[in-house]
Amino acid sequence: MMSRKESIALIEDKALEMRLKALDMGLEAGVHGGHFGSAYSMAEMIETLFFGVMRYDPAHLDDPARDRFVLSKGHGALAYYITLAQAGLLPEEFLHTFETRDSILPAHPCQHREYGIEFSTGSLGHGLSLGLGLALQQKRLGLGAQTYVILGDGENNEGSVWEAAMMAAHYHVDNLTAMIDCNRLQSDGFCRDVQAGHDLPAMWSAAGWEAVEVDGHDAGQLLDALHERSRPNGRPRAIIAHTIKGKGVSFMENNNAWHHRSISQEQHDAAAAELLKAAGKEA
């Protein structure tokens with residue numbers, strides 16, 4: 001069993017690897033490009049789940065007692081696909097087919113449970129309801145399993161999110177965790193400009209959830225917030241993760257032009273060099 005320090009180092013290495021691989025996949029996708037900003041903001045969140053928290057066996061993806069993951073913000077698929085490959089759930093060679101004709105890896109996830117993709121997502125606002133259904137079944141069968149859902153902060157504009165949130169609190173679904181990627185931006189601009197007044201910790205608390213705020217790029221804070229597998233208070237948990245859209249690449253950070261776009265070879269090389277330099281791994 002890894003120590004906390006070893007787990008943090010592993011998560012950070014996987015997040016760097018994911019960001020670099022996303023550049024390669026986006027370049028290979030040509031004019032189709034990719035959602036770089038959204039993938040980079042959730043990098044540490046998804047890597048912490050798959051390499052520090054979740055219980056699953058790549059050889060037994062039909063195990064009803066496995067932990068489950070739903071990517072509600074389906075436009076973060078670049079991060080999802082790469083993490084699945086890192087975890088041994090998706091053949092790595094599939095990554096080269098991203099956004100190509102007849103590929104099983106389009107811009108938003110399509111259900112392929114044999115590769116760990118539990119649901120088709122991308123129409124925002126539906127993922128939490130899917131996760132609630134999974135968690136309810138796990139709880140009623142006494143499986144001791146957990147369900148984790150990553151949502152975008154802009155996605156919290158959707159009323160269906162709050163329908164699911166209130167239902168989860170009503171049924172005391174304490175094996176359900178929602179992780180909110182609060183990068184402050186959505187496709188139409190800053191969240192505050194699209195729909196003002198969001199106090200997400202207060203809103204999730206008011207819906208009956210245990211709300212915790214963390215730095216979404218700090219693997220240690222994420223691990224600490226996620227470490228309890230069962231909570232006797234009978235409340236689902238919302239982790240409000242404050243992040244930076246495009247984290248790690250200066251020309252992408254907080255730049256909504258990189259919500260989705262193609263990338264040139266020059267931009268690819270500059271971004272990769274910056275990521276490696278920051279990690280102390282210059283070529």
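Cut-offs used in this document
- Residues numbered from 1 in each chain as written.
- Predicted model: local features only at pLDDT ≥ 70, side-chain atom pairs only at ≥ 80, totals over all residues.
- Heavy atoms only, no water.
- Pairing = 2+ DSSP bridges.
- Helix = DSSP H or I, 4+ residues; strand = E, 2+ residues; numbered from the N terminus.
- Axes fitted to C-alpha atoms, helices over the stretch in contact; angles between N-to-C directions.
- Contact = heavy atoms within 4.5 Å.
- Phe/Tyr/Trp six-rings, centres within 6.5 Å; stacked < 30°, edge-to-face > 60°.
- Buried < 20%, exposed > 50% of the residue type's maximum accessible area, 1.4 Å probe, protein only.

Caption draft 1: Quick look at the sheet that holds strand β7 (residues 237-242). Spatially, the five strands line up as an open sheet ordered β1-β2-β3-β7-β6, and their pairing is parallel. Looking at strand neighbours, the two that pair on one side only are β1 (68-71) and β6 (210-215), the edges of this open sheet. On average, each strand axis in the sheet is tilted by 20° relative to the strand beside it, whichever way the strands run. Direction of pairing for strand β2 (residues 147-152) relative to strand β3 (residues 176-182): parallel, over a ladder of six bridges. Bridging from a neighbouring strand, Tyr148 pairs with Thr177 of β3. Its contacts with the sheet put helix α9 (residues 219-226) on β2, β3, β6 and β7, and the angle it makes with β6 is roughly 165°.

Caption draft 2: Seen up close, the packing of aromatic side chains. Using the criterion set out here, one finds 10 aromatic pairs in the structure. Look at Phe36 and Trp258: their rings are 5.8 Å apart centre to centre, the planes differ by 70°, and that puts the pair in the edge-to-face class. Remark: Trp258 occurs in the loop between β7 and α10 (265-278) and Phe36 occurs in helix α2 (residues 36-41); sequence separation between them is 222 residues. Both residues of the pair, Phe36 and Trp258, count as buried. An angle of 15° between the planes, with centres 6.4 Å apart, marks the rings of Tyr80 and Tyr81 as stacked. Three or more aromatic residues joined by ring pairs make a cluster, and in this case those are Phe50, Tyr56, Phe69, Tyr80, Tyr81 and Phe98.

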